[in-house]
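Per-entry structural report
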Amino acid sequence: MTATTDATTRTATARRTARSAQLFEEAQRHLPGGVNSPVRAFRGVGGTPLFIGRAQGARVWDADGNEYLDYVASWGPLIAGHAHPEVVRAIQEAAPRGTSYGAPAEGEVRLAALVKEAFPSIDLVRFVNSGTEATMSALRLARGATGRELIVKFDGGYHGHADGLLVQAGSGPLTLGAPDSPGVPAATAAQTLSLPYNDLGAVTAAFEQRPGQIAAVIIEPVAGNMGVVPAAPGFLEGLRELCTQHGSVFILDEVITGFRVGWGGAQARFGVTPDLTCLGKIVGGGLPVGAYGGRRDLMECVAPLGPVYQAGTLSGNPLAMAAGLATLELLRRPGVYEQLETLATRLEAGLGDAARGAGVAYTANRVGSMLTGFFSDAPVTDYATAKRSDAARYARFFHALLDRGVYFAPSQFEAAFVSLAHTAADVDHTVAATREVMRQL
Ligand code: KE4
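Residues numbered from 1 in each chain as written. Predicted model: local features only at pLDDT ≥ 70, side-chain atom pairs only at ≥ 80, totals over all residues. Heavy atoms only, no water.

A separate point is the site of the ligand. As a matter of local geometry, the ligand sits amid 17 residues, with Ser-37, Thr-132, Asn-225, Asp-253 and Glu-414 nearest to it. Contact distances for the ligand include 2.5 Å between a nitrogen atom and a side-chain N or O atom of Asn-225. Take Lys-281: an N or O atom from its side chain is 3.0 Å from a nitrogen atom of the ligand. In the complex, 87% of the free accessible area of the ligand, which totals 530 Å², lies under the protein chains. (Near = heavy atom within 4 Å. Polar contact = N/O pair within 3.5 Å; in protein donor to acceptor, adjacent residues only side chain to side chain. Areas by Shrake-Rupley, 256 points an atom, 1.4 Å probe, with all protein chains shown as cover.)

The following block contains the structure:
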């Protein structure tokens, strides 16, 4: 038994969380809601958020030293596990050479080349500092290149917090029950059409009703922000055809799915070619990186080559590039995605068996190593069906698992992620803990 209670053997215990509570009390004096991103505040599940003190592999430890098997993975980036030695070494080697230059450096060139190797649809790529910046910039580019203003997104899709995208958004706004945000000008919101996910007829009608007005369609090819909801067969292909037919830019927001559901992301997995791709999370290996890229004729509109302006002090940051490079080098090794698929399949099957054994209404969606178990008796195929899930029962599930050393996302409307650091024993512990609690939910 390790010094701290080993999460793989512990049953429910009354965790000491005094230090997290103390830090949260202090944090609320300095930070809105005590956090730097809303979904971390546990508003979707209740209780006091964990303050994490350290992370290693598939585990995190809170400020009180409690150990947890981690399926949040910092909301996706840590596909290789926390503090992977090769990622840490890359950062340690880069830091003494300086933390930021505000000038081009070799690391940006190397990471760009690797992104292009993985995503053949990307002729040119621009690094930014977050997924929000990536999607915001891609939309500005689409509008600048087409001279059009309307954007199509999908209900429950979350693409970061740029004004025009906080319309019927998923993730935090969905978790907090605030689908639209004050502060977004009505005129801006009016330029965003949010349509039902997987409803190709609605998109076809939008194009027919607004000929020549739609600059872009942006979609998560596997939604992760209403919980995991895959695109229905033919949906992405249909969007591709409509965008081609109407001269609109087809943007895949692969901030979650990029390097997650395969080396080439969802576009490779499903065989669909976007005009622009947005990346984030994994591409930075846990440091702040976003990216947007795609067709040369579009990307050549971006400053300084073209008139569409976008900039960033820390874009292409050498430490972030080093972390991203080290992470992608790990992912391009043979067998990586098969390993993730095997473990995620084991987890999905185990959780489903536990729910069925307890007679609990439950359905799961999984693509690769991202999955969500919904407490619902009906398939979840879009925002409307996702919202029918029993979020209160999910909250009870979340806390019961937390008491057993397993840390899922503090929201029904997020994804769980399996990493290369998770083992079959970790998954079996998770399933065993789930079996223990399912009847009590
Ligand atoms: P960031 O600006 O948070 O790096 O990326 C925005 C974004 C864009 N596109 C997709 C598909 C995303 O999922 C995200 C951010 N994801 C959320 C959780 N699903 C980040 C967690 C948070 O907001 O704290």
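Turning next to the confidence of the model for the protein. Atom-level detail of predicted coordinates should not be read off regions where pLDDT is low. On average, residues of the protein score 95 in pLDDT, and 96% of them are at 70 or above. Long-range and interchain partners of residues 1–5, a stretch whose pLDDT sits below 50, account for 8 contacts in this model, where long-range means more than four residues apart. (pLDDT = per-residue confidence, 0-100. Contact = heavy atoms within 4.5 Å.)

Accessible area lost on assembly of the parts is the figure often given for the size of an interface. What the domain assignment reports for the protein is domain 1 (3–70 + 335–438) and domain 2 (85–331). Put simply, the middle of domain 1 and the middle of domain 2, counted by C-alpha atoms, are 26 Å apart. With 30 residues of domain 1 at the contact, the number on the domain 2 side is 32 residues. Buried area between domain 1 and domain 2, both sides added, is near 2,300 Å², and the carbon and sulfur share of it is 66%. Along the contact surface separating domain 1 from domain 2 lie 1 salt bridge. The salt bridge involving Glu-341 is made with Arg-269; its shortest N-O contact spans 3.5 Å. Linking domain 1 with domain 2 are 8 residue pairs in polar contact (both at pLDDT 80 or more). (Domains from an automatic or database assignment. Buried area = accessible area lost by both parts, 1.4 Å probe. Salt bridge = Lys/Arg side-chain N within 4 Å of Asp/Glu carboxyl O.)

The packing of two helices is summarised by the inter-axis angle and the distance between the axes. One way to put it is that helix H14 (residues 391–402) packs onto helix H15 (residues 424–438) with a least axis distance of 10 Å and a crossing angle of 125°. Comparing their axes, H15 and H14 come out oblique. Considering how the two elements wind past one another, H14 and H15 form a crossing that is right-handed. In this structure, H14 contributes Phe-397, Ala-400 and Leu-401 to the contact, and H15 contributes Thr-430, Ala-433, Thr-434, Val-437 and Met-438. (Axes fitted to C-alpha atoms, helices over the stretch in contact; angles between N-to-C directions. Helix = DSSP H or I, 4+ residues; strand = E, 2+ residues; numbered from the N terminus. Parallel < 35°, antiparallel > 145°, perpendicular 65-115°, else oblique. Left-handed = near helix turned anticlockwise from the far one by under 90°.)

Looking now at the pairing of strand S10 (residues 249–253). Burial within S10 is extensive, with 5 of its 5 residues counted as buried. Covered by surrounding structure in S10 are Val-249, Ile-251 and Asp-253 together with Phe-250 and Leu-252, the residues of both alternating faces. Alignment of strand S7 (residues 214–219) against S10, held across 4 bridges, turns out to be parallel. Bridged to Ile-218 within S10 is Ile-251. As paired elements, S10 and strand S11 (residues 276–279) share 3 bridges and run parallel to each other. Directly across from Asp-253, in S11, lies its bridge partner Cys-278. Regarding the hand of the β-α-β motif, the stretch spanning S10, helix H9 (residues 265–270) and S11 is right-handed. (Buried < 20%, exposed > 50% of the residue type's maximum accessible area, 1.4 Å probe, protein only. Pairing = 2+ DSSP bridges. Right-handed = clockwise from strand over helix to strand, strands pointing away.)

Let us look at the pattern of salt bridges. Under the defined criterion, the tally for this structure stands at 17 salt bridges. Ionic pairing is found between Arg-366 and Glu-341, a salt bridge with its closest N-O pair at 2.8 Å. Of this pair, Arg-366 sits in strand S13 (residues 363–367) while Glu-341 is found in helix H12 (residues 336–358), placing the two residues 25 residues apart along the sequence. Residues participating in the shared-partner salt-bridge network are Arg-240, Asp-275, Arg-295 and Asp-297.

Another point: the sheet that holds S10. The 7 strands lie next to each other as S4-S12-S11-S10-S7-S5-S6, forming an open sheet whose pairing is mixed. Where the open sheet ends on each side, the last strands, each with one partner, are strand S4 (124–128) and strand S6 (192–195). Mean inter-strand twist for the sheet, computed between neighbouring axes without regard to direction, equals 20°. Direction of pairing for S11 relative to strand S12 (residues 290–294): antiparallel, over a ladder of 4 bridges. Note on S12: the bridge partner recorded for Cys-278 is Tyr-292. In the packing of helix H7 (residues 200–209) onto the sheet, contacts are made with strand S5 (150–154), S6 and S7, and the angle to S6 comes to roughly 155°.

With that out of the way, let us pick up the side chain of His-422. Turning to its location among the elements, His-422 is positioned in the loop between strand S16 (416–417) and H15. A polar contact is formed between the side chain of His-422 and the backbone oxygen of Asp-70, at a distance of 2.9 Å. In this structure the side chain of His-422 is engaged in a polar contact, spanning 2.9 Å, whose partner is the backbone nitrogen of Ser-419. Not counting chain neighbours up to four residues away, the residues in contact with His-422 comprise Ala-58, Leu-69, Asp-70, Tyr-71, Leu-343 and Phe-417.

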